[in-house]
Amino acid sequence: MTLAILAVFSVALTLLGFVLPPQGVKRATLLGLVLALVSLLLTWGRPFAFGPYAVDGVSQVFTLLALLGALWTLGLVRSGRFEFYLLVLYAALGMHLLASTRHLLLMLVALEALSLPLYALATWRRGQGLEAALKYFLLGALAAAFFLYGAALFYGATGSLVLGAPGEGPLYALALGLLLVGLGFKAALAPFHFWTPDVYQGSPTPVVLFMATSVKAAAFAALLRVAAPPEALALLVALSVVVGNLAALAQKEAKRLLAYSSIAHAGYMALALYTGNAQALGFYLLTYVLATGLAFAVLSQISPDRVPLEALRGLYRKDPLLGLAFLVAMLSLLGLPPLAGFWGKYLAFAEAARAGAWGVLVLALVTSAVSAYYYLGLGLAVFARPEETPFRPGPPWARAAVVAAGVLLLALGLLPGLVLPALAAGG
């Protein structure tokens, strides 16, 4: 039902967009996403399959996170062109497909369905974003080629295009490695992360929110299906947490800093892949989506483009609500109790310990401590003496979403059991 709703609204609004006003298309797109979310919740815990398309627990959990990111993005945007809203809707459709199949050909179609709209969204403001978007497009095409070649080798090694088919030998290992490269690009795992800082910095802030939340959820849903070799997984985790956290220390622009932060968090999430625990990964992603979405929602009210770190100084004095919300987001990303980010990291680290991956676990703990330097620096900057820069608070509904995300981060930190049973049912 979720797929049907997203597909019908996508096709219908493609045609009606030429006659409806842009805000009418936006409202219809929001309606489609809300109906898809409602249908997902009404069928929660009930699997469904039709050919290569299969809704299971993994699909439901990660589609929920992707739809939340899409709704949040649309809520922050007011564009005079209806194509923006359609691109988000098409990308959400691709994310749901990617999370809802084990068939490699359908995965490839889903990857392109979510990638092509993102290439266009990254260039929405033209100017400074064109170079970054070109890098995103070229590297994305290369990653898709790796994925396609990996699918061909997987078929050669197993005689099947369905992930989970038994295989062995060098050809099978190479196939899994190439699939890991293609999906690692979307998840922003190092060393496939080079597009992330430039694209985050050059893209409109609401689009960055979409990339940092929904895209990562869909990518990790697919990564859960790939039985990645432990050695390759350990290398990706180690590179991601080291590169992400160390590079973030030197950044002077907020969106670029959070881009490196997202690379580090991709590494922490990958710890849950050692045991394939969808519940642990789903909870980490939920806390990450709320905290990162909250951070970018605050940044979008400061500037739709670049946000130098100086622009955050004194935010609490200009707007106490946004200042406190940004501090909550930073503390949750750091993983301090009593916020939800603490439990997200705990569950992911516990999965690595359960798998006996002590080396990468210790490295993840050390680099997580390093991240305190820039997270606390960002969080405390909002209480500094304010810069003399113009500031206009966002609309009431945007502020309400900020409050809701902050309250959820605190509530899930104090009572993680509120959602863990539901994630277990879904995952």
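Structure first, text after, so check above.
Below, the structure is looked at part by part. The structure displayed is predicted, hence computed values, not measured ones.

## Some remarks on the overall build of the chain
Looking only at helices and strands, the chain features 19 helices and 2 strands. Relative to its length of 427 residues, the chain is compact, with a C-alpha radius of gyration of 20 Å against a globular reference of 22 Å. In terms of overall dimensions, the chain has C-alpha extents of about 65 × 55 × 45 Å along its principal axes. Among the 427 residues that make up the chain, the fraction classed as buried is 58%. Taking contacts inside the chain between residues at least 6 apart in sequence as the whole, the part at least 24 apart equals 79%. Of the roughly 16300 Å² of accessible surface on the chain, 72% is carried by carbon and sulfur atoms. In the chain, the 24 positive side-chain charges and the 14 negative ones have mean positions that sit 7 Å from each other.

## Side note on the packing of helix α1 (residues 2-16) against helix α4 (residues 83-99)
At a minimum axis distance of 10 Å, the contact between α1 and α4 shows a crossing angle of 155°. As far as their axial angle goes, α4 and α1 are roughly antiparallel. The element α1 and its partner α4 pack so that their crossing is left-handed. From α1, T2, L3, L6, A7, F9, S10, V11, L13 and T14 reach across to α4, where they touch L86, L89, Y90, A92, L93, H96 and L97. Partitioned by chemical class, the residues of the contact of α1 with α4 number 12 nonpolar, 4 polar and no charged.

## Quick look at the environment of A264
Among the secondary structure elements, A264 is positioned in helix α11 (residues 254-270). Along the sequence, A264 and L415 sit 151 residues apart, while their C-alpha atoms lie 26 Å from each other. Look past the residues within four positions of A264 in its chain and what remains in contact with it is S240, V241, G244 and N245.

## Observations concerning α4
What sets the pattern is the α-helix's 3.6 residues per turn: residues three or four places apart point alike. For α4, spanning 17 residues, the distance from its first C-alpha to its last is 24 Å, which sits close to the expected 24 Å at 1.5 Å a residue. Along α4, 15 of the 17 residues are buried, which leaves the element largely enclosed by surrounding structure.

## Quick look at the nonpolar core
Core analysis: the biggest nonpolar cluster contains 157 residues, and F62 and F220 have the highest contact counts within it. Setting aside residues up to four positions removed in sequence, F62 forms contacts with A99, A217, F220, A221, L224, A278, L281, G282 and L285.

## Overview of helix α17 (residues 372-381)
For α17, the full list of buried residues reads A372, Y374, Y375, L378, G379 and A381. Looking at the packing, one finds that the buried side of α17 touches α10 (230-248), α11, α14 (320-334) and α16 (358-370).

## Overview of the side chain of S240
Within the secondary structure, S240 sits in helix α10. A residue is classified by how much of its surface remains accessible, and S240, at 0% relative accessible area, is buried. A polar side-chain atom of S240 sits 2.9 Å from the main-chain amide nitrogen of A190. In this structure, S240 is in contact with L189, A190, N245, I263, A264 and G267, ignoring residues within four places of it in sequence.

## Structural notes on the pattern of salt bridges
Per the counting criterion, the structure on display carries 6 salt bridges. Put simply, R256 and D198 hold a salt bridge, and the shortest N to O gap is 2.9 Å. With R256 in helix α11 and D198 in helix α8 (residues 195-202), the pair connects residues that are 58 residues apart, well separated along the chain. One network of salt bridges, in which partners are shared, links K135, D198 and R256.

## Looking at the packing of aromatic side chains
Counted according to the given criterion, the structure contains 16 aromatic pairs. Centre to centre, the rings of Y136 and W195 are 4.7 Å apart; their planes meet at 15°, and the pair counts as stacked. Of this pair, Y136 sits in helix α6 (residues 129-158) while W195 is found in helix α8, placing the two residues 59 residues apart along the sequence. Given the relative accessible area of 2%, W195 is considered buried. On the numbers, 5.0 Å between centres and 75° between planes, the contact of F342 with W343 is edge-to-face. Assessed through its relative accessible area of 29%, F342 is described here as partly exposed.

## Describing the environment of S300
With respect to the helices, strands and loops of the structure, S300 is situated in helix α12 (residues 278-302). A C-alpha to C-alpha distance of 5.4 Å links S300 and T205, two positions 95 residues apart in sequence.

## A word on unusual backbone geometry
Here A190 and P191 are connected by a cis peptide whose omega angle stands at 10°. Turning to its location among the elements, P191 is positioned in the loop between α7 (170-187) and α8. Residue P338 follows P337 across a cis peptide bond; omega there is 10°. Positive phi is not limited to glycine here, since A188 has a value of about 60°. Along the chain, the position of A188 falls in the loop between α7 and α8.

Thresholds, definitions, all that
Residues numbered from 1 in each chain as written. Predicted model: local features only at pLDDT ≥ 70, side-chain atom pairs only at ≥ 80, totals over all residues. Heavy atoms only, no water. Helix = DSSP H or I, 4+ residues; strand = E, 2+ residues; numbered from the N terminus. Rg over C-alpha atoms; globule rule 2.2 N^0.38 Å. Buried < 20%, exposed > 50% of the residue type's maximum accessible area, 1.4 Å probe, protein only. Contact = heavy atoms within 4.5 Å. Areas by Shrake-Rupley, 256 points an atom, 1.4 Å probe, with all protein chains shown as cover. Lys, Arg positive; Asp, Glu negative; His and termini not counted. Charge placed at Lys NZ, Arg CZ, Asp CG, Glu CD. Axes fitted to C-alpha atoms, helices over the stretch in contact; angles between N-to-C directions. Parallel < 35°, antiparallel > 145°, perpendicular 65-115°, else oblique. Left-handed = near helix turned anticlockwise from the far one by under 90°. Nonpolar A, V, L, I, M, F, W, Y, C, P; charged D, E, K, R; others polar. Expected span 1.5 Å × (residues − 1). Core = buried A, V, L, I, M, F, W, Y, C linked by side-chain atoms within 4.5 Å. Polar contact = N/O pair within 3.5 Å; in protein donor to acceptor, adjacent residues only side chain to side chain. Salt bridge = Lys/Arg side-chain N within 4 Å of Asp/Glu carboxyl O. Phe/Tyr/Trp six-rings, centres within 6.5 Å; stacked < 30°, edge-to-face > 60°.

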